[in-house]
Amino acid sequence: MAETGRLTAASVRAAPRLGSVTLLRIAIIATALLTWELLAASGWLYKDVVPSLIAIAKALFNLLTTRVMACQADIPMGPIHLRWELWMPEFYCHLGRTAREIGLAVLIGGGLGLLVGLVLGANRFLSRAFEPIVYYLGPTPKIIFFPLMIMWFGLGPGSKIAMGAISCFFPVALSAASGVRQIDQVLIRVGKSFRANAWQTTTKIYLPAMRAAIINGLRLGIGIALIGTLLAETKLSNFGIGSLIIQAYSLFDMPRMYATLIVLFVLAIGANTLISRLGHIDPIRSR
Amino acid sequence: MAANGNMTWQKHGPAIVGCAVIATAIAVIELLIRVDLISRFVMPMPSEIAVSFERVIVEENIPRRFLLTAGECFGAGILVTVIGISLGALLHRLPLLRQATETWVGALASAPTVLMYPLFMVIFGRNATTIIMMGFAAGLAPVILKTVEGLSGARRVLINVGRSFNLTERQLFWKILLPAALPTIFVGIRLGLIFALINVVGVEFLINFGGLGQLVAELAERYDLPGTYATICFVILISVLFFMAMEKAERWLRPGA
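Chemist: Explain the overall build of chain B to me, using residue names and the numbers behind them.
Modeler: Each helix and strand counted, chain B has ten helices and zero strands in total. For chain B, whose C-alpha radius of gyration is 24 Å, the value lies well above the compact-globule estimate of 18 Å for 257 residues. With respect to the three principal axes, the spread of C-alpha positions in chain B is 75 × 65 × 30 Å. Looking at chain B residue by residue over its 257 residues, the buried ones come to 42%.

Chemist: Please give an account of the overall build of chain A that cites residues and values.
Modeler: Counting its secondary structure elements, chain A contains eleven helices and two strands. Each helix (α) and strand (β) of chain A, taken in turn from the N terminus, gives the series α-α-β-β-α-α-α-α-α-α-α-α-α. Taking all 287 residues of chain A together, the buried fraction comes to 37%. The long-range fraction of contacts in chain A, counting pairs at least 24 apart against all pairs at least 6 apart in sequence, stands at 71%.

Chemist: Before we move on, could you go through the interface of chain A and chain B and cite the residues and values that matter?
Modeler: Contact with chain A, which involves 43 residues of that partner, is made by 43 residues of chain B. Counting residues per element, the ones that place at least two in the side of chain A that touches chain B are α1 (2-42), α4 (124-137), α5 (146-153), α9 (211-235), α10 (241-250) and α11 (254-278) of chain A. Top element by residues in the side of chain A that touches chain B is α11(A). It accounts for eight residues.

Chemist: I'd love a proper account of the nonpolar core, names of residues and values included.
Modeler: Core analysis: the largest hydrophobic core is formed by 128 residues, its most contacted members being A:Ala176, B:Ala196 and B:Val216. In terms of residue count, helix α8 (residues 169-207) of chain B provides more of this core than any other element does, 20 residues in total. Excluding its chain neighbours within four sequence positions, the residues that come into contact with A:Ala176 are A:Gly113, A:Leu114, A:Gly117, A:Leu118, A:Gly121, A:Met210, A:Ala213, A:Ile214 and A:Gly217.

Chemist: A description of the domain arrangement of chain B should follow, citing residues and the corresponding values.
Modeler: Entries for chain B in the domain assignment read domain 1 (2-41) and domain 2 (53-253). Put simply, the middle of domain 1 of chain B and the middle of domain 2 of chain B, counted by C-alpha atoms, are 35 Å apart.

Chemist: Could you give me a rundown of the packing of helix α5 (residues 117-124) of chain B against helix α6 (residues 128-152) of chain B, with the residues and numbers involved?
Modeler: Residue and element names in this part refer to chain B. Direction vectors running N to C along α5 and α6 enclose 135 degrees, while the axes themselves pass 9 Å from each other. Relative to α6, the element α5 is oriented oblique. The chirality of how α5 crosses α6 is right-handed. Contacts from Tyr117, Phe120, Met121 and Phe124 in α5 reach Thr129, Thr130, Met133 and Met134 in α6. For the contact of α5 with α6, the residue count by class is six nonpolar, two polar and no charged.

Chemist: If you had to explain unusual backbone geometry to someone new, which residues and values would you point to?
Modeler: Residues and elements named next belong to chain B. Phi angles above zero are rare outside glycine, and Asn208 is one such case at about 55 degrees. One non-glycine residue with positive phi stands out, namely Tyr223, at about 60 degrees. Tracing the backbone shows Tyr223 in the loop between α9 (212-221) and α10 (225-253). Of the residues examined, Tyr223 has 11 C-beta atoms within 10 Å and is grouped as exposed.

Chemist: Give me α9(B): which residues, what numbers.
Modeler: Among the ten residues that make up α9(B), eight are buried, leaving the element largely enclosed by the rest of the structure. Here the buried face of α9(B) lies against α5 of chain A together with α3 (62-93), α8 and α10 of chain B. Of the residues one or two after α9(B), B:Tyr223 is the one with positive phi, at around 60 degrees.

Cut-offs used in this document
Residues numbered from 1 in each chain as written. Chains lettered and ligands numbered in written order. Predicted model: local features only at pLDDT ≥ 70, side-chain atom pairs only at ≥ 80, totals over all residues. Helix = DSSP H or I, 4+ residues; strand = E, 2+ residues; numbered from the N terminus. Rg over C-alpha atoms; globule rule 2.2 N^0.38 Å. Buried ≥ 20, exposed ≤ 12 C-beta atoms within 10 Å, placed from the backbone. Contact = placed C-beta atoms within 7 Å. Core = buried A, V, L, I, M, F, W, Y, C linked by C-beta atoms within 7 Å. Domains from an automatic or database assignment. Axes fitted to C-alpha atoms, helices over the stretch in contact; angles between N-to-C directions. Parallel < 35°, antiparallel > 145°, perpendicular 65-115°, else oblique. Left-handed = near helix turned anticlockwise from the far one by under 90°. Nonpolar A, V, L, I, M, F, W, Y, C, P; charged D, E, K, R; others polar.

Okay, structure coming up:
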């Protein structure tokens with residue numbers, strides 16, 4: 001009871017602090033919005049580079065609701081070719097295409113990364129032979145591979161998926177390799193004493209014990225795959241969110257560009273936070 | 001003798017195997033292209049790429065382009081370091097502000113800031129300023145976060161020693177907090193500079209302006225395949241060397257890490 005009493009007192013003391021933090025946040029946001037609006041109205045910067053908040057809100061509304069079109073999706077499944085058509089605002093068609101590209105990129109790049117990471121983490125010799133290559137290639141700017149991806153996979157979604165997959169591969173592989181090395185040896189010995197085969201050891205011991213490392217790797221991988229895919233779309237594509245951004249730039253439709261960037265940032269940060277919560281990872285400290 | 005050989009193999013064996021596998025892969029690709037199993041219009045022969053290195057370095061003026069990219073990285077690095085450390089110190093000094101904004105800075109670190117390059121082009125134009133500002137935007141968050149982490153992690157005993165010497169707040173920061181936090185801050189600077197380098201080269205490629213990134217785009221547009229591959233190899237080499245140098249510097253600053 002005394003313990004509970006102390007805890008309650010502490011939380012009561014902490015309550016006004018939380019209130020002041022919220023107030024400060026509101027004040028910062030309000031100041032930023034007010035400054036923006038003043039800049040837009042004053043014309044100190046080039047007209048239209050800083051459009052008014054109302055114009056951006058209107059563009060955001062239009063982006064999410066208007067220009068209804070038929071979105072087609074094709075999925076070849078062997079001899080059967082699934083095709084459907086959905087009528088929806090143009091933005092969601094582009095979002096759907098980008099999401100599909102990123103999803104496939106994560107599936108391919110993340111899957112390969114996980115496999116390579118498991119092998120490198122479990123085998124010391126292979127790790128010393130090949131992990132430095134993966135480690136040092138990881139931070140190179142992947143977008144420069146895009147011309148090669150175009151040659152190999154064409155101008156369509158293939159080259160964008162490949163860009164995302166290359167970007168996603170490295171963080172997942174490195175994270176998985178480090179995750180395998182951090183597994184408690186006792187767990188592996190328990191598996192051996194139960195005569196678990198390689199498949200059982202991987203699925204019953206390695207993967208559950210590496211959950212946090214895999215999720216952290218996937219979190220980083222998805223973030224980088226998103227950047228890789230979208231950058232490829234901005235460079236050469238007529239479909240997807242990246243192409244929407246570059247279209248808005250070409251037409252100098254600044255409110256629409258801001259609106260697209262806002263939606264994109266909200267989605268990216270939201271996905272990152274969601275995956276971090278799934279793995280109980282602090283997104284601030286784990287970069 | 002056998003034990004000695006075994007020791008040498010254990011020490012250098014993995015590196016030798018790694019290099020041998022890469023060399024074999026290159027040889028196999030060369031062979032597959034020569035027998036037309038891989039189209040030479042998609043992938044040039046590795047021997048052609050090796051030959052084109054000299055041509056690219058001389059004809060495309062790689063040293064000048066390298067200096068241009070390095071200069072942009074340097075500009076972004078200076079901005080990231082000065083502004084990132086200042087903002088980090090400010091957040092450390094004002095705990096309420098830190099509580100209110102640290103999650104935002106974390107969110108900024110995970111946001112795809114590089115996609116704002118069309119916006120930066122509108123604001124700054126298609127020039128080096130856009131590239132430097134993109135590098136700066138990408139590298140800022142880790143420097144702020146690591147500066148806050150480093151300053152907050154300074155040992156209490158060191159701060160108490162400073163207070164017992166009646167140091168002013170300014171002296172306490174410059175003489176005790178900053179030196180104690182320097183190794184952690186450097187981790188942030190290293191991450192920030194790597195993000196800046198990635199973005200600088202990436203934006204050069206995307207907006208077709210500047211140094212090495214532009215060269216990749218330009219050679220690809222000219223369909224000079226050996227040249228494109230050689231330049232990509234060159235960019236990879238530069239970024240790997242840069243990454244290794246940053247790691248060495250970090251190890252020097254954090255010998256125990």
